[in-house]
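# A look at the structure
Each chain is listed here by its residues.
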Amino acid sequence: VPAERTANHNPTLTELRVRQGQEERPLVLGRCIDQAAPLTVRAGERVELLPIEPDGLRETYVLPTFEGEVRQFTETIEYQWYTSSGTFASLGSGGKRDAFGNLPGVDNTFRAKPAKDVSEAVDAELWIVQRDERLGEAWYQSCIRVTP
């Protein structure tokens, strides 16, 4: 109920892009152990990560109201960011619209450990969890190599 209601699909990404200085390119997805040459950054360097969403990712759906009517909604997508080394500017991005109806940005900034904490190259594993408000979920893994 209602008859127009459809099943939810798990969210997906087209790609994860990285902006390092003026250069922007795809960030390879996959475990550190499986990457021969992960993205390399210097200790303390910041890089921007931007999830690229496919067209139609934010599904529309209908729900019954208390008045017996039907109301249409459009999903919001939320991202959670985790790393084994370094930090993110925010633990989450995306999510609900603000009071003016604007969607928040989905990008985030990764900061490698400071130089004083890096004596040799270390791989920072990244995990990105993507969720929609109807309990759909996907997760992705990537790697950034931090050098002194």
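Assigned secondary structure in the chain consists of 0 helices and 12 strands. Going from N to C terminus, the chain has its helices and strands arranged as β-β-β-β-β-β-β-β-β-β-β-β. What you see for the chain is a C-alpha radius of gyration of 18 Å, clearly larger than the 15 Å of a compact globule of 148 residues, by over 25%. Overall, the C-alpha framework of the chain stretches about 65 × 35 × 25 Å when taken along its three principal axes. Per-residue burial for the chain yields a buried fraction of 35% across its 148 residues. Of the roughly 9,000 Å² that the chain leaves accessible, carbon and sulfur atoms contribute 51%. Treating the 17 positive side-chain charges of the chain as one cloud and the 23 negative ones as another, the clouds have centres 5 Å apart.

Moving on, we come to the pattern of salt bridges. Inspection of the entire model under this criterion finds 14 salt bridges. In this structure, the salt-bridge partner of K96 is E133, at a minimum N-O distance of 3.7 Å. Of this pair, K96 sits in the loop between β9 (92-94) and β10 (108-111) while E133 is found in the loop between β11 (122-132) and β12 (137-147), placing the two residues 37 residues apart along the sequence. What makes E133 partly exposed here is its relative accessible area of 29%.

Let's shift gears to the packing of aromatic side chains. Under the criterion given, the structure shown has 4 aromatic pairs. Measuring from ring centre to ring centre gives 5.7 Å for F88 and F110, while their planes differ by 65°; the resulting arrangement is edge-to-face. A residue pair is termed long-range when its members are at least 10 positions apart, and F88 in strand β8 (residues 87-88) and F110 in strand β10 qualify at 22 residues. Put simply, the rings of Y79, W81, F88 and F110 touch in pairs and so form one group of aromatic residues.

For the structure on display, the rule yields 1 disulfide. The side chain of C32 participates in a disulfide bridge whose partner is C143; the two sulfur atoms lie 2.2 Å from each other. As the torsion about the S-S bond is roughly 105°, the C32-C143 disulfide counts as right-handed. Here C32 is found in the loop between β2 (23-26) and β3 (39-42), whereas its partner C143 is found in strand β12, with 111 residues between them in sequence. Among the residues examined, C32 registers a relative accessible area of 9% and is labelled buried. You can call C143 buried: its relative accessible area is 0%.

Next up on the list: the sheet that holds strand β4 (residues 46-52). Spatially, 5 strands are ordered β2-β1-β4-β10-β8 in an open sheet, and the strand pairing comes out antiparallel. Of all strands in the sheet, those bounded by a partner on one side alone are β2 and β8. Examined bridge by bridge, strand β1 (residues 15-20) and β2 share 4 bridges and lie antiparallel to one another. Looking across to β2, one finds that V18 is bridged to R25.

Calculation notes
- Each chain carries its own residue numbering, running from 1 in the direction its sequence is written.
- Two thresholds apply to this predicted model, a pLDDT of at least 70 for residue-level local features and 80 or more for giving and counting side-chain atom pairs, whereas whole-chain, interface and lining totals are computed over all residues.
- Side-chain measures here rest on the full set of heavy atoms in the structure, leaving out hydrogens and waters.
- Per the convention used, a helix needs a DSSP run of H or I reaching at least four residues, while a strand needs a run of E reaching at least two, with both numbered from the N terminus.
- The reference for a compact globule is 2.2 Å times residues^0.38; the radius of gyration itself is calculated from the C-alpha atoms.
- Residue exposure (1.4 Å probe, protein chains only): buried if accessible area is under 20% of the type maximum, exposed if over 50%, otherwise partly exposed.
- Accessible surface area values rest on a Shrake-Rupley calculation with a 1.4 Å probe, where residue burial reflects the displayed protein chains alone.
- Note on charges: Lys and Arg go in the positive column, Asp and Glu in the negative column, and His and the chain ends are not counted at all.
- Where a charge sits is defined by one atom per residue type, namely NZ (Lys), CZ (Arg), CG (Asp) or CD (Glu).
- Any carboxyl oxygen of Asp or Glu within 4 Å of a side-chain nitrogen of Lys or Arg constitutes a salt bridge here.
- Aromatic contacts are taken between Phe, Tyr and Trp rings whose centres are within 6.5 Å, Trp giving its six-membered ring; a plane angle under 30 degrees counts as stacked, one over 60 as edge-to-face, and the others as tilted.
- Cysteine sulfur atoms are paired as a disulfide whenever they fall within 2.5 Å.
- Two strands are said to pair when DSSP picks up at least two bridges between them.

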